[in-house]
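Take a look at the letters that make up each chain.
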Protein chains: 4
Amino acid sequence: MKDNENLKIYNLADIGHLKVHGRTTNNRSPLTLFWTGSGIELNVTGSELWIEVECDYDLYEPWIHMLVNSAPVSRRMLTAGRYWVCVFRGLNENAAKNVRVLREIQAMSGDPACSLQIHAVKTDGAFLPVPEKPYKIEFIGDSITSGEGIIGDKAETEWISMWFSAVDNYAALTADALDADFRILSQSGWGVLTSWDNNPNANLPRYYEQVCGLLAGEKNEELGAFEPNDFGAWQPDVVVVNLGSNDGGAFVSPEWKDEVTGKVYKQRLNEDGSFNEEDASNFEKAAERFLHTLRQNNQHAHIVWAYGMLGMPMMPAIYRAVEAYTRKAGDRKVSIFQLPNTNEETVGSRSHPGALSHQQAARELTGYLKGILAK
Amino acid sequence: MKDNENLKIYNLADIGHLKVHGRTTNNRSPLTLFWTGSGIELNVTGSELWIEVECDYDLYEPWIHMLVNSAPVSRRMLTAGRYWVCVFRGLNENAAKNVRVLREIQAMSGDPACSLQIHAVKTDGAFLPVPEKPYKIEFIGDSITSGEGIIGDKAETEWISMWFSAVDNYAALTADALDADFRILSQSGWGVLTSWDNNPNANLPRYYEQVCGLLAGEKNEELGAFEPNDFGAWQPDVVVVNLGSNDGGAFVSPEWKDEVTGKVYKQRLNEDGSFNEEDASNFEKAAERFLHTLRQNNQHAHIVWAYGMLGMPMMPAIYRAVEAYTRKAGDRKVSIFQLPNTNEETVGSRSHPGALSHQQAARELTGYLKGILAK
Amino acid sequence: MKDNENLKIYNLADIGHLKVHGRTTNNRSPLTLFWTGSGIELNVTGSELWIEVECDYDLYEPWIHMLVNSAPVSRRMLTAGRYWVCVFRGLNENAAKNVRVLREIQAMSGDPACSLQIHAVKTDGAFLPVPEKPYKIEFIGDSITSGEGIIGDKAETEWISMWFSAVDNYAALTADALDADFRILSQSGWGVLTSWDNNPNANLPRYYEQVCGLLAGEKNEELGAFEPNDFGAWQPDVVVVNLGSNDGGAFVSPEWKDEVTGKVYKQRLNEDGSFNEEDASNFEKAAERFLHTLRQNNQHAHIVWAYGMLGMPMMPAIYRAVEAYTRKAGDRKVSIFQLPNTNEETVGSRSHPGALSHQQAARELTGYLKGILAK
Amino acid sequence: MKDNENLKIYNLADIGHLKVHGRTTNNRSPLTLFWTGSGIELNVTGSELWIEVECDYDLYEPWIHMLVNSAPVSRRMLTAGRYWVCVFRGLNENAAKNVRVLREIQAMSGDPACSLQIHAVKTDGAFLPVPEKPYKIEFIGDSITSGEGIIGDKAETEWISMWFSAVDNYAALTADALDADFRILSQSGWGVLTSWDNNPNANLPRYYEQVCGLLAGEKNEELGAFEPNDFGAWQPDVVVVNLGSNDGGAFVSPEWKDEVTGKVYKQRLNEDGSFNEEDASNFEKAAERFLHTLRQNNQHAHIVWAYGMLGMPMMPAIYRAVEAYTRKAGDRKVSIFQLPNTNEETVGSRSHPGALSHQQAARELTGYLKGILAK
């Protein structure tokens, strides 16, 4: 191999035209990618481009997806260590290329050792401005929004990084169709009030105001995961909340016991199979509180609760929560949208929505958001 | 990261149940992958699997595609060097996984330094038998069969490894639909008689009987590229020849001059735009000779000349060549199939068939081959 | 033409194996077809089949659709008069043919002269039993459920019979996919509380308990349109209510004045464009009352309010109405399903859902009802 | 019913702006519709339009399809007699409507009594010019081009008018996509040399120069079916020949005996299943002769032999025939196009191409003809 002697290394902090996707801290030396779909975007000339990554994990290794001029060219696991990854080589050095390198997997609350950072890029080209897109959308969700199950044969059942996708999920597809920048905050198994197995700590609202508060451990603290998020720096036009699937699951899952306090948590069913009213009401209050939190931090955004890709037992409760919030807050910029259900033809691995289901959801949601953004 | 201390290294030569795809030599220490779509297949238990690759290049770097239980999970560039690549980790160690690691790019006749080898695999699992598929198909073609243009935005024009795909091309899709093992021999720009630019050396038939004779250089000689191919080891049920597009292009491209002999080569058009009869006849004779070569080496295969994904000006000449061959050889197991043309909706990058065009071609060709294989 | 001398005439009343579709009276001499999708079904041998129709109108002529072995073979206008229509001829006289002749257009409340009756059939064959289907579904709706706009170029704007379809609308497609018999009660422009233009008389609930009470005039009285419906004779498994689109329209349409009483009706918007709470509440009460009416007459049916093919501004109010009804009635067999919205690609004539929109709605609704019917 | 007193009757001969589709005589009092896809086209204002038809038959009754502003609004059988058929009513009398009334079934060589004529139209509107389309295409074929099997359940096996379609067949779809006027000459079971059952009289070429010479009987003679066709009046830009399927079938069908001469006809197979060379050669000569006939009568047309919707065993022979013709005639405006084969998903009734197969064929053929028409 002939070395390309014209390559120069640039620390991310030194690139004026760097565009960062996803919630993170202000640190660029290095940049930490916490959430699925987070990453960097560059418009760059030159024949060759590399990125220097550093990552670690005990259980769940990170994966990235690299896109060149919007085409997904490479999806790969990143094994532990600090090293250079080549994005492209052999191109016309005068032409500008748009490059996105995105974290393909969700924040891993189950593996405090999991981390992914980008230190630098190496190129023989120059950096050009990356324009803002006309819209910004934030997606908040669970495994569906994490793209769990998009990759892999339908028979796959194991919970591993490899079956997740940030690039083919409905959030990315919707943002792409609307020409919008997007951020995703998502966690498999989590809900508005509890997780699928009744754990009251595993809810997204609790951590909404931190950079990535659902992570744990000293390392993540050092990385700034628990810092308050700088909402002023990125105000979305739309916030899409795709939560409720796990809250629904809690009604049909075993109780969860807090090993410290001994307290037991369980969303209960009535004998006729309907939801216990008090428990459903607790979900509604949690949803209502979350809407207040969202509005407090996102002043002008239209908030859309989008739900239904894995059934919709919580929909009446979601309507009640939005109704209660709207009445109290006098806030009309909140609405509900039912996403198309996943069926045998559109299911992916791990009984989750597959690529076809995500495409269908994106098509419907795009149509709905177009109407909202046109107002 | 915690090291997995149960991993054991196996040289390919020591794996009894290794299945090798694609034409190559008998050497497994290491295994050289010459052609697009070539690679290894394993049925393996264990939680983790790595492969040790070694590659080099001056111009065109290799890419690979990794499939787990038939799902394409990773597509990545391989930069120069010898190193380990992780295929999967974190899986149930008792379950068997089917793994294929395939070379994603064609043999690179334009870069004698380009090489890709697999030395070993590393796993905490055991190897199980990989059954033969019911059919074997060999595809012989040009850039179309190399999958050039399947990846990348339509505006891309540069000739680089990144835009090729072995996994999404019509050959792989057809073989998959027919539950067949397949081999591809292909080279962008090459034809039956000459290349698109009238170079008489750039034709596939000349090198058909060698392992990968279209490569050049001492290194490839050492790798065994010029050895005679062992036809007895792999007899296809069908040979698909998708050649002619570049022979057609030669009629509308400038002449080619042999710098050594000074001789000039040019397929000529008549004044009315039709093909010069003598030159067309030279193409036909080359096609006829190639059919004899194919039959000599593939005794029981049905030979299908499949052509048309980028127009079909050579089709009458192909019919004449097959007619002449059939009459002389008394061989009825040769037929012609017109593939659907690429259009504005199905085109990919570099004005080549895109993923949709390959899917359509595979659908039609599969239907046609089903009829043949059912006989 | 040679006359078929073996044809025999059978009055409908004399055919033991006649299956009648759609709400109508007990009279079969002749049978009156009031609603879209109503008609007759026969399993009949013989080479030839005719039906004797009688119809009249001042404004809106009837159309019928004829299906042979489920294939739609003929769609035609019926001009005024009493005459014979040939369904098929020249078939093998021993084979049984399934035949359905369906009214293709809605009950025409705007034309009291409009009527369609079937007197008799004529055949050289014999009648065989027509089995019941496993399920029965009743659809209640407006122009969408009347199939308005399925036929005709997108530029068509005139309100005429020709643009309606009973056979290609989502109700028929859903019933077909679920192997269900179905009935449709629908009226363009009508709603739950008022019509699109605030007329409080133009609501479906008011006439639900009559055979076809929304018609007017002495002729329809004689035909039995105002008789009480015999609910015991046909109890659906599912009632689908697709109403609300016109109630939503009333908020943005001019007031309606009762010329007799001088009273003015208008669903009002607040200054900020939201619905006046009192007026929305009136809609909700009407919806809630309708649910009580539906349950009273359909004891075991699951009631599904399916809404959204032309936007969904009334959805929160529908959720409130269903909530209120469920709480008071303690009836859990009521749910809400959001149908996919119509877009530029799926729209038909008269700015109404086109064939593609109906197909998409049917696909989603079928999936939803499958889940309900499986319980 | 209130009579529309403004209706006026116009004999076809008296309508200046009448556009006639399909080969027929010069007679317009009445106009005889011989071929499938033939008919009349009007641009007409007025609220109402009727046509006066007259038809008869012993076996196979005619069907028509009526299109208003390109939308197919009605498909119906025409029973024997002379009577008025309403096309539309109730429309805005000032707006212009484009109306086509097309014969839906092929010329019926098997029923000399079968005839369909249009005498007059009746309207309260006025006639406007109907512009010529930019292109003219003539289609010559067999049952495929007659649209046999497009209508009806896959299980249908009887040969009756009801299963044919002129409007949904590939010829009409292709012409529509290319914005071309079209004519169809087609006959189920017929070929270039013989019919599917070796009858040498049942070939299209023999009757090509007559208006509709394949019909028989005195009545058809009186109607002018055997008159020479006026080629000068309609010169196509493209002639599509979709023949060969029945010539192929003759090789695997029983012999045909001329009851008058006692002569027996049979296209023979060799023992190995290949075509007897002499018999194949007879087909080729017939095809070659037909090309001469076509060129003689259509001076500037590009001739495309399009074949393959029900397999393609005759393709090599077709290539040989075109080759021979081209060499002798020095005519380069002849080419061959393989149409996509019908499969289990696209088949219709009577084991013939269904609507999906015709749509696919039209898509591919349209792409091919676009290239030709662009030259």
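In every chain, residue numbers begin from 1 and rise along the written sequence. By the order in which they are written, chains take letters starting at A while ligands take numbers starting at 1. Selection of residues for local features in this predicted model requires a pLDDT of at least 70, selection of side-chain atom pairs for listing and counting requires 80 or more, and totals for whole chains, interfaces and linings are taken over all residues. As a rule here, side-chain values cover all heavy atoms of the structure and leave hydrogens and water aside.

Labelled according to an unreviewed UniProt entry, chain A appears under the name GDSL family lipase, originating from Paenibacillus stellifer.

Participant: Lay out the interface of chain B and chain D in plain terms, naming residues and giving numbers.
Facilitator: At the junction of the two partners, chain B supplies 17 residues and chain D supplies 17 residues. Once two parts are put together, the accessible area they lose, assessed with a 1.4 Å probe and summed over both, is termed the buried area. Both faces considered, chain B and chain D share a buried interface measuring about 1400 Å² in area, 46% of it formed by carbon and sulfur atoms. We define a salt bridge as a contact between a side-chain nitrogen of Lys or Arg and a carboxyl oxygen of Asp or Glu at a distance within 4 Å. Applying the counting rule to chain B against chain D returns two salt bridges. In this structure, the salt-bridge partner of D:Glu323 is B:Arg320, at a minimum N-O distance of 2.5 Å. Pairs of N or O atoms are called polar contacts if they sit within 3.5 Å, as long as, within protein, a hydrogen donor faces a hydrogen acceptor (for residues adjacent in sequence, only side-chain-to-side-chain pairs). At the surface where chain B touches chain D, the tally comes to five residue pairs in polar contact (both at pLDDT 80 or more). Secondary structure is summarised from DSSP: a helix means a run of H or I of at least four residues, a strand means a run of E of at least two, and numbering begins at the N terminus for each. Elements with a minimum of two residues in the side of chain B that touches chain D: α5 (315-329), β18 (334-338) and α6 (355-373) of chain B. Per-element tally for the side of chain B that touches chain D: the top contributor is α5(B), with five residues. Working rule for contacts: check all heavy atoms of both residues, and any pair within 4.5 Å makes them a contact.

Participant: Any details on the packing of aromatic side chains? Residues and values, ideally.
Facilitator: In this analysis, rings of Phe, Tyr and Trp, with Trp reduced to its six-membered ring, are considered paired at centre separations within 6.5 Å, and the interplanar angle assigns stacked below 30 degrees, edge-to-face beyond 60, and tilted for intermediate values. Within the structure shown, the criterion is met by 42 aromatic pairs over all chains. Seen in terms of ring centroids, A:Trp190 and A:Tyr207 are 5.8 Å apart; in terms of plane orientation they differ by 50 degrees. Their pairing is tilted. Of this pair, A:Trp190 sits in the loop between β13 (180-186) and α2 (218-223) while A:Tyr207 sits in the loop between β13 and α2, placing them 17 residues apart in sequence. A:Tyr207 shares its class with A:Trp190; the two are buried. One aromatic cluster is present, built from ring pairs that chain together A:Tyr60, A:Trp159 and A:Phe164. Between the NZ or CZ atom of C:Lys122 and the centre of the ring of C:Trp50, over which it lies, the distance is 4.7 Å. A cation over an aromatic ring shows up here: D:Arg23 above the ring of D:Tyr208, its NZ or CZ 4.6 Å from the ring centre. Relative accessibility decides the category of a residue: with a 1.4 Å probe and only protein chains considered, values under 20% of the type maximum give buried, values over 50% give exposed, and everything between is partly exposed. When the NZ atom of lysine or the CZ atom of arginine is within 6 Å of a ring's centre and also within 35 degrees of its normal, the charge is said to sit over that ring.

Participant: How would you summarise the relation of the copies chain D and chain C if you had to cite specific residues and measurements?
Facilitator: Note on the copies: chain D fits chain C at an RMSD of 0.0 Å, the axial shift is 0.0 Å, and the rotation between them is 180 degrees. As the rotation angle and translation indicate, the two copies are arranged about a two-fold axis. Relative to the rotation axis, the closest C-alpha in chain D is found at D:Arg75, a distance of 2.8 Å. Interface overlap between copies is the fraction of interface residues in one copy that are interface residues in the other; for chain D against chain C it reaches 100%, indicating a shared surface. The copies were overlaid by least squares, fitting only the C-alpha atoms of residues that reach a pLDDT of 70 or more in each copy.

Participant: I'd like a rundown of the nonpolar core, residues and numbers included.
Facilitator: Take the buried residues of types Ala, Val, Leu, Ile, Met, Phe, Trp, Tyr and Cys, join any two whose side-chain atoms come within 4.5 Å, and each joined set is a nonpolar core. The biggest cluster of nonpolar side chains holds 140 residues, and the ones touching the most others in it are B:Ile140, B:Trp305, B:Leu369, D:Ile140, D:Trp305 and D:Leu369. The contact partners of B:Leu369, leaving out residues within four places of it in the chain, are B:Ile137, B:Thr174, B:Leu178, B:Val238, B:Val240 and B:Val304. By size, the runner-up hydrophobic cluster in this structure holds 139 residues, among which are A:Ala280, A:Ala287, A:Ala306 and C:Ala175.

Participant: Mind laying out the relation of the copies chain B and chain D, listing which residues take part and the relevant values?
Facilitator: When chain B is fitted to chain D, the best match, at an RMSD of 0.0 Å, comes from turning it 180 degrees and sliding it 0.0 Å along the axis. By residue overlap, the copies meet face to face through one surface: 100% of the interface positions of chain B are interface positions in chain D.

Participant: Please set out the packing of helix α4 (residues 277-297) of chain A against helix α5 (residues 315-329) of chain A residue by residue, giving values where relevant.
Facilitator: Two measures define how a pair of helices packs: the angle their axes make with one another and the distance between the axes. Residues and elements named next belong to chain A. What counts as an axis is a line fitted to C-alpha atoms, over the stretch in contact for a helix, and the angles between N-to-C directions run from 0 to 180 degrees. For the pair α4 and α5, the least separation of the axes is 8 Å and the interaxial angle reads 45 degrees. If you check the angle between α4 and α5, you find them oblique. Between α4 and α5 lies a crossing of right-handed hand. Taken together, the residues of α5 that come into contact with α4 (itself represented by Ala280, Phe283, Glu284, Ala287, Glu288, Leu291, His292 and Arg295) are Ala317, Ile318, Arg320, Ala321, Val322, Ala324, Tyr325, Lys328 and Ala329. Roughly parallel means an angle under 35 degrees; roughly antiparallel means over 145; roughly perpendicular covers 65 to 115; every other angle is labelled oblique. Note on convention: near helix rotated counterclockwise from far helix by under a right angle means a left-handed crossing. Clockwise means right-handed.

Participant: Run through the arrangement of the chains, naming residues and quoting values.
Facilitator: In this structure chain B stays clear of chain C, and the shortest span between their C-alpha atoms is 17 Å. One thing to see here is that chain A and chain D don't touch, and their nearest C-alpha atoms sit 17 Å from each other.

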